[in-house]
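# Structural characterization, general
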Amino acid sequence: MEPDGDLNPDTDDLPLRANTNHILVKHYVLDLTVHFGRKVISGSVVLFLEPCSGGKAEDDIGPGAGTLETGRTQDGPVGRLQDEDTVEKGKKGLGKTPTRMEEMFGAGERHRAEVASETGSIQSSDLWETTSDDDFTLVLDCCDLDVSKVEELDVTSVSATSGLLPERSGVGSVNSQAAFTQNLISMASSRWRQKHQLFSSCSRAPGAQDGSSLHFYRDRWSLQVRKKGVASPLEFPRALRICYETRPTGGSVRWTKDQDNRVCVYTAGSPINNRALFPCQEPPVAMSTWQATVRAPNECVVLMSGEEQTVPIEDGDTRIWNENNNRELLKRWIYYLMWNYYVTMPMPASTFTLAVGHWSQVTAEIPPTLEEGVTDRADCGKTAKPGSGPGERTEAELGLGSSTRDVVKGTPFQTGRGDQTTRSDSAFCYSSLEDEGLSVTDYSGMVDDGISCSHGDYPCRFTERSARSQRVIPHRVFGPVCLLHKAQTVLKLLPRCWAAAHTVLGVHPFSRLDVLIVPAGFSSLGMASPHIIFLSQSVLYAGSSGPGENSLSLCGSRMCHEIAHSWFGLVIGAKDWTEEWISEGFATYLEDIIWAQAQQLSFQETAEQSDLKALLRWRRLSDELKNSEEVLQILRPNMEKTGQVSESGSSMVKHALNPDKAFMQVHYLKGYFLLRFLASQVGEQQFVDFFRLFVKKYHGQLILSQDFLRLLLITFPGMERKGLTLSAIYADWLDRPGIPEWLYERSAVWSQARLVEEVKAEVVKWILLSQSHQGKGRKRKRIEPKVNYKEVTSEQLVMLLELLLEEEELSVSTMRALQRTYDLQSQDAEVRHRWCELVVKHEYSQAYGDVEHFLVHDQAMGVYLYGELMVQEDPEQQALACRCLSLVQEEMDQSARRVVEEMVL
């Protein structure tokens with residue numbers, strides 16, 4: 001299929017091919033089995049479809065109504081069975097589907113025919129060529145999947161569906177199927193449980209027996225489905241089953257090993273999102289609900305986006321005979337458990353998240369004996385002898401039993417055979433806020449009782465009175481055994497962060513949360529999805545002694561960042577993926593406010609901390625903009641065309657596949673500074689209060705920049721009198737590269753803040769100390785003990801090391817004193833990153849071990865360091881870079897690996 005119009009994907013842009021203006025997926029039912037041996041996930045996905053009347057959706061009743069270039073809205077169900085006149089009208093309004101096949105393939109006796117090509121990515125069913133361009137084509141986003149079958153379901157054969165079938169006589173089989181599916185999709189939210197049960201029953205329906213079949217064609221980025229003789233989406237089948245299998249190298253499904261050296265798999269949140277996990281509609285406007293059954297070996301934990309904690313049940317139909325090298329003692333059946341998850345809030349398919357592994361739940365106290373035998377692997381596992389693999393280490397050696405319940409004695413979370421009756425409620429943490437020293441004020445009164453939702457009909461927490469006073473939602477933390485002790489920090493901080501977020505933003509959009517400490521190769525510090533957050537091990541406390549409040553800064557602020565995404569990024573999302581600042585800029589701005597609230601800082605302390613962080617971010621942004629292409633510095637790269645799509649609904653995500661963009665933070669930082677600028681115009685507290693108003697109006701919807709800015713200008717009319725119009729904000733902040741004048745001016749103020757001045761005073765001491773050691777002699781060495789260094793916070797220490805990086809030379813004695821004075825190996829990852837930069841710049845070989853440890857265990861932050869090691873042109877440093885790459889390249893994120901290999905190899 002050719003792209004629509006001028007859409008011409010290249011290596012920098014990502015195509016969204018789904019024709020969402022013609023037909024929409026309203027619900028997915030996934031039935032998946034995880035095969036660790038082959039590194040694939042197999043199964044099926046059932047799509048419940050709703051055509052858009054006349055080729056366009058006309059009713060704005062869905063939570064993700066997307067503005068098109070025509071000014072109409074998207075995501076509006078038809079709401080009723082179309083009669084004959086409406087069907088004919090739809091045919092005329094739609095015309096021919098604007099698609100053309102570049103190649104046709106011969107028919108064969110086989111059910112599935114894979115056609116050879118250079119990439120091996122083209123597939124088609126037999127008889128595909130018997131369809132024509134006059135037949136309507138359902139286009140789904142799809143990549144790295146092997147599709148074996150696409151079939152229409154006979155949903156009317158399910159006995160439970162009788163109540164939703166049309167009563168009037170004379171309705172044909174096709175219309176009965178359409179009528180039932182439409183009635184099912186349109187069921188009121190008050191009946192959501194019955195609705196999901198019906199979806200589940202229908203997903204198991206047999207294939208349609210009308211003598212016709214569905215034909216498919218899959219190219220690199222899409223799966224296309226046709227039914228011969230069907231010319232309109234209104235006549236197209238409403239329920240399809242797609243049988244498929246993922247590929248081991250799929251772009252958005254990561255097969256790797258955790259820190260205990262045990263195999264796991266998770267969706268990586270890569271630029272291509274979930275199209276390598278299941279065929280779907282990727283454009284954000286294609287909002288849908290979903291439910292999933294996932295089968296995995298009984299010793300595994302399955303975590304997923306879902307509104308209730310699932311209780312795994314034994315799957316008697318799935319077991320695999322394991323013969324490990326034909327050794328008799330290791331022959332056994334591998335039993336599988338089934339995990340069931342669902343969501344009732346319509347969300348973009350890109351937010352679906354799955355993780356399967358041998359993880360354990362973090363409890364308040366981890367028995368010391370639990371980590372014996374695995375703790376060393378967390379730090380030294382990468383230097384194990386070549387050839388050692390998971391098959392050469394028994395479960396007893398790992399400290400693991402045959403099921404997760406044997407890992408953490410006493411934990412309420414249990415899996416394994418025979419645990420079906422375990423009560424799941426107790427596995428969640430409802431930590432006492434009084435124990436955390438937090439205020440127990442009831443903030444529910446901060447939300448009006450009469451919330452009027454602007455989104456479609458689904459069970460919304462914003463209208464629930466009980467949700468308004470729920471300051472801390474149920475939560476769990478999972479991770480590898482060797483990190484359970486460090487992960488206790490996350491478990492302790494979560495209640496404080498949740499309560500603080502509730503104080504700032506109000507009702508929590510989601511009813512529960514799982515947090516997973518992901519494998520070391522994860523490409524960022526965190527990722528938020530509905531009901532689940534991925535956290536990098538880099539945010540965990542690194543020290544050996546109990547962490548103090550100062551040492552919690554990176555972990556706390558990062559969790560607040562991901563929690564902020566519940567409001568900005570998830571329950572309110574961007575209609576156009578190029579406007580990342582709507583999600584990342586807001587989360588970066590709010591993380592400071594929420595974290596300050598969690599720490600219960602005074603107004604002055606909050607302002608001082610905010611100014612210090614602003615200066616650090618300014619330095620990072622200004623450095624990034626000096627070393628990046630201008631086209632990547634624009635917050636709205638589509639500018640006036642933002643939010644526009646083609647006639648079919650397909651579009652392009654600009655620069656999404658550009659490897660340079662993956663390591664830029666311009667959307668985080670420039671978006672953050674835009675919000676700081678706006679706050680400076682209306683007042684900090686008034687601006688935060690406005691966020692609550694905005695959330696109240698737009699929750700459950702997708703937005704563009706102008707939606708936020710227009711409501712802001714309406715709420716604060718004085719801004720326009722100052723010349724701050726929508727066009728002026730676009731011109732200064734969103735639609736051009738570089739740095740706005742206000743930011744230059746403000747950075748000068750931040751550089752003179754009290755906390756910054758304290759750092760500058762300490763830097764002077766270190767420079768003087770270094771100068772005193774430039775010569776040799778005992779007299780100069782006796783100066784060192786006389787220096788008194790002020791205790792600094794983590795953020796101040798980052799600033800101190802950054803300022804010292806500007807020095808041309810630091811003596812070996814000074815480097816040694818720095819390391820000892822601040823115990824740099826035990827600081828958080830932000831501090832250790834700057835320390836490693838200092839070590840590389842000044843060739844301080846005594847601390848090369850710190851650099852190696854960072855590159856191996858902090859892969860989300862270490863890419864830049866490889867470049868520094870190579871630029872120095874020092875043989876020892878270059879050998880260090882090559883050695884570290886060889887240790888971690890198999891588990892690295894694909895994008896990061898390509899970039900590092902270009903630098904090192």
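This report concerns the structure included in the present document. (Residues numbered from 1 in each chain as written. Predicted model: local features only at pLDDT ≥ 70, side-chain atom pairs only at ≥ 80, totals over all residues. Heavy atoms only, no water.)

Quick look at the overall build of the protein now. Within the protein one finds 25 helices and 25 strands. Considering only intrachain contacts with a sequence separation of at least 6, the fraction spanning at least 24 residues in the protein is 78%. About 36100 Å² of surface is accessible on the protein, with carbon and sulfur atoms providing 48% of the total. (Helix = DSSP H or I, 4+ residues; strand = E, 2+ residues; numbered from the N terminus. Contact = heavy atoms within 4.5 Å. Areas by Shrake-Rupley, 256 points an atom, 1.4 Å probe, with all protein chains shown as cover.)

Pairing within the open sheet is mixed, and its 5 strands lie in the order β18-β19-β20-β22-β21. Since the sheet does not close on itself, it has two edges, and those belong to β18 (360-361) and β21 (526-529), each with one partner. Across 4 bridges, the pairing between strand β20 (residues 513-517) and strand β22 (residues 532-535) is parallel. Bridge pairing links Val 515 to Ile 533 in β22. (Pairing = 2+ DSSP bridges.)

Burial along β21 is two-sided: Gly 526 and Ala 528 facing one way and Met 527 and Ser 529 facing the other are all buried. With 4 bridges connecting them, β21 and β22 associate as antiparallel partners. Within β22, the position partnered with Met 527 by the bridge is Phe 534. In this structure, the hairpin formed by β21 and β22 is closed by a connection of 2 residues, where His 531 is found at a positive phi of approximately 75 degrees. (Buried < 20%, exposed > 50% of the residue type's maximum accessible area, 1.4 Å probe, protein only.)

Right, let's get into the sheet that holds strand β11 (residues 253-257). As a general point, the strands of a sheet are linked pairwise by backbone hydrogen bonds and lie either parallel or antiparallel. Reading across the sheet, the 4 strands line up as β11-β12-β17-β14 and stay open at both edges, with antiparallel pairing between neighbours. The sheet terminates laterally at β11 and β14 (301-304), the two strands that pair on one side only. Across the sheet, the mean angle from the axis of one strand to that of its neighbour is 15 degrees, orientation sign disregarded. Pairing geometry for strand β12 (residues 263-267) and strand β17 (residues 354-357), over 2 bridges, is antiparallel. What sits directly across from Val 265, in β17, is Val 356. (Axes fitted to C-alpha atoms, helices over the stretch in contact; angles between N-to-C directions.)

Relative to the helices and strands, Ser 794 is located in helix α19 (residues 794-805). Among residues more than four places away in sequence, those in contact with Ser 794 are Asn 550, Ser 551, Ser 553, Gln 827, Asp 828 and Val 831.

Close contact between helix α17 (residues 754-772) and helix α20 (residues 812-821) brings their axes to 9 Å; oriented N to C, the two are set at 140 degrees. Between α17 and α20, the angle falls in the class oblique. Facing α17, whose interface residues are Trp 766, Leu 769 and Ser 770, α20 presents Thr 814, Ala 817, Leu 818 and Thr 821. Residues belonging to the contact of α17 with α20 are distributed by class as follows: 4 nonpolar, 3 polar and no charged. (Parallel < 35°, antiparallel > 145°, perpendicular 65-115°, else oblique. Nonpolar A, V, L, I, M, F, W, Y, C, P; charged D, E, K, R; others polar.)

Glancing now at the packing of aromatic side chains. Counting across every chain of the model gives 38 aromatic pairs. Each ring, one from Phe 568 and one from Phe 586, has its centre 4.6 Å from the other, and the planes form 25 degrees; the classification is stacked. Taken together, the positions of Phe 568 in the loop between α8 (553-564) and β23 (572-574) and Phe 586 in helix α9 (residues 581-599) put the pair 18 residues apart, joining distant regions of the chain. The exposure classification of Phe 568 matches that of Phe 586, with both residues buried. Considering the side-chain rings of Tyr 589 and Phe 691, the 5.9 Å spacing of their centres and the 70 degrees angle between planes classify their relative orientation as edge-to-face. (Phe/Tyr/Trp six-rings, centres within 6.5 Å; stacked < 30°, edge-to-face > 60°.)

With that settled, the discussion passes to the packing of α19 against helix α21 (residues 829-841). For the pair α19 and α21, interaxial distance at closest approach is 9 Å and the crossing angle is 15 degrees. Classified by the angle between their axes, α19 and α21 sit roughly parallel to one another. Between α19 and α21 lies a crossing of left-handed hand. Here Ser 794, Leu 797, Val 798, Leu 801, Glu 802, Leu 804 and Leu 805 of α19 come into contact with α21, specifically with Glu 830, Val 831, Arg 834, Trp 835, Glu 837, Leu 838 and Lys 841. (Left-handed = near helix turned anticlockwise from the far one by under 90°.)

Quick look at helix α25 (residues 894-904) now. Residues of α25 that are buried: Ala 896, Val 899, Val 900 and Val 904. With its buried residues spanning 125 degrees around the axis, α25 presents them on a single face. Those residues of α25 that are buried are in contact with α23 (863-871) and α24 (875-888). Sitting at the head of α25, Asp 893 places a side-chain oxygen 3.1 Å from the backbone nitrogen of Ser 895. (Arc of directions from axis to C-beta. Polar contact = N/O pair within 3.5 Å; in protein donor to acceptor, adjacent residues only side chain to side chain.)

Here we come to unusual backbone geometry. When glycine is set aside, most residues are seen to have a negative phi, and most peptide bonds are trans. If you check the backbone angles, Lys 39 has positive phi at about 60 degrees while not being a glycine. Tracing the backbone shows Lys 39 in the loop between β2 (23-35) and β3 (40-51). The phi angle at His 531 is positive, at roughly 75 degrees, despite the residue not being glycine. Along the chain, His 531 turns up in the loop between β21 and β22.

This next bit is on the pattern of salt bridges. The full count for this structure, using the stated rule, is 32 salt bridges. One salt bridge in this structure joins Glu 580 and Lys 661, with 2.1 Å as the shortest N-O distance. Residue Glu 580 is located in the loop between β23 and α9, and its partner Lys 661 is located in the loop between β24 (651-653) and α11 (666-682); the two are separated by 81 residues in the primary sequence. Two residues, Arg 636 and Asp 735, come together in a salt bridge whose shortest N-O distance is 2.9 Å. Linking Arg 636 in the loop between α10 (603-626) and β24 with Asp 735 in the loop between α15 (726-734) and α16 (741-750), this pair joins segments that are 99 residues apart in sequence. Across this residue pair, the class does not change: Arg 636 and Asp 735 are buried. Because the salt bridges share partners, they merge into one network encompassing Arg 619, Glu 802, Glu 806, Glu 830 and Arg 834. (Salt bridge = Lys/Arg side-chain N within 4 Å of Asp/Glu carboxyl O.)

Right, let's get into the state of the cysteines. Under the definition given, this model contains 0 disulfides. For Cys 884, which is in no disulfide, the shortest distance to another cysteine sulfur is to Cys 882 and amounts to 9.5 Å. Given a relative accessible area of 0%, Cys 884 falls into the buried group. (Disulfide = S-S within 2.5 Å.)

Of all 8 residues in strand β7 (residues 145-152), 6 are buried, a share of seventy percent or more. Pairing geometry for β7 and strand β10 (residues 239-246), over 7 bridges, is antiparallel. Bridge pairing in β10 places Val 147 opposite Tyr 244.

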